[in-house]
Amino acid sequence: MSPLRYSYITNGLTDHRIGDALRMLAGYGYSGVGLTLDHQHLDPLSSTLATDVESVAKILRDTGLAVVIETGARFVLDPLRKHQPNLLST
């Protein structure tokens with residue numbers, strides 16, 4: 001069994017730049033992060049996504065933070081409807 005990791009989600013740090021937020025979490029002793037894909041930190045619809053992903057990946061490697069993708073972005077797919085489309089959409 002893997003040891004318990006204490007982690008935090010980035011959607012709780014939307015007033016911070018992603019690099020600052022990740023370094024802060026590592027400095028506070030967190031060992032992981034739930035990365036929210038949204039316009040504040042890592043926008044999946046951005047024209048600079050590849051570069052942004054490389055930058056975030058480097059910071060994650062440098063800080064030693066484990067990462068999971070957190071799916072709490074409410075309007076990332078449709079800016080007018082929260083959490084739409086979803087698996088129950090017709």
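In what follows, the structure referred to is the one given above.
Residues numbered from 1 in each chain as written. Predicted model: local features only at pLDDT ≥ 70, side-chain atom pairs only at ≥ 80, totals over all residues. Heavy atoms only, no water.

S.K.: Lay out the sheet that holds strand 1 (residues 7–9) with the relevant residues and their values.
M.R.: Ordered in space as 1-2-3, the three strands form an open sheet in which the pairing is parallel. Both edges of this open sheet fall to strand 1 and strand 3 (66–70), since each of them pairs with a single strand only. The average angle at which neighbouring strand axes cross in this sheet is 20 degrees, direction not considered. When strand 2 (residues 32–36) meets strand 3, the two strands line up parallel, connected through five bridges. The partner of Gly-34 across the bridge, within strand 3, is Val-68. (Pairing = 2+ DSSP bridges. Helix = DSSP H or I, 4+ residues; strand = E, 2+ residues; numbered from the N terminus. Axes fitted to C-alpha atoms, helices over the stretch in contact; angles between N-to-C directions.)

S.K.: Describe the packing of aromatic side chains, with residues and values.
M.R.: Going through the model one piece at a time under the given rule, you end up with one aromatic pair. With 5.8 Å between their ring centres and 55 degrees between their planes, Tyr-8 and Tyr-30 make a pair best called tilted. In this pair, Tyr-8 is assigned in strand 1 and Tyr-30 in the loop between helix 1 (18–27) and strand 2, connecting sequence segments 22 residues apart. Taking the relative accessible area as the measure of exposure, Tyr-8 reaches 32% and is therefore partly exposed. Overall, the relative accessible area of 29% leaves Tyr-30 in the partly exposed class. (Phe/Tyr/Trp six-rings, centres within 6.5 Å; stacked < 30°, edge-to-face > 60°. Buried < 20%, exposed > 50% of the residue type's maximum accessible area, 1.4 Å probe, protein only.)

S.K.: Summarise the nonpolar core; cite the residues concerned and give the values.
M.R.: Among soluble globular proteins, nonpolar side chains are generally buried collectively. Counting residues in hydrophobic clusters, the biggest one holds twelve residues: Leu-13, Ile-18, Ala-21, Leu-22, Leu-25, Val-33, Leu-35, Leu-42, Val-56, Ile-59, Leu-60 and Leu-65. Mapped by element, the contributors of at least two residues to this core are helix 1, strand 2 and helix 2 (49–63). With four residues, helix 1 is the single largest residue contributor to this core. Filtering out sequence-adjacent residues up to four positions away, Leu-65 remains in contact with Leu-22, Ala-26, Tyr-30, Ser-31, Gly-32, Val-33 and Leu-60. (Core = buried A, V, L, I, M, F, W, Y, C linked by side-chain atoms within 4.5 Å. Contact = heavy atoms within 4.5 Å.)

S.K.: Quick one: what's the story with the pattern of salt bridges, residue by residue and with numbers?
M.R.: Per the stated rule, a full pass over the model turns up two salt bridges. Arg-17 is the salt-bridge partner of Asp-20, the closest N and O atoms lying 3.8 Å from each other. With its nearest N and O atoms 2.7 Å apart, the salt bridge here joins Lys-58 to Asp-62. Of the two residues, Lys-58 and Asp-62 both sit in helix 2, four residues apart, roughly one turn of that helix. (Salt bridge = Lys/Arg side-chain N within 4 Å of Asp/Glu carboxyl O.)

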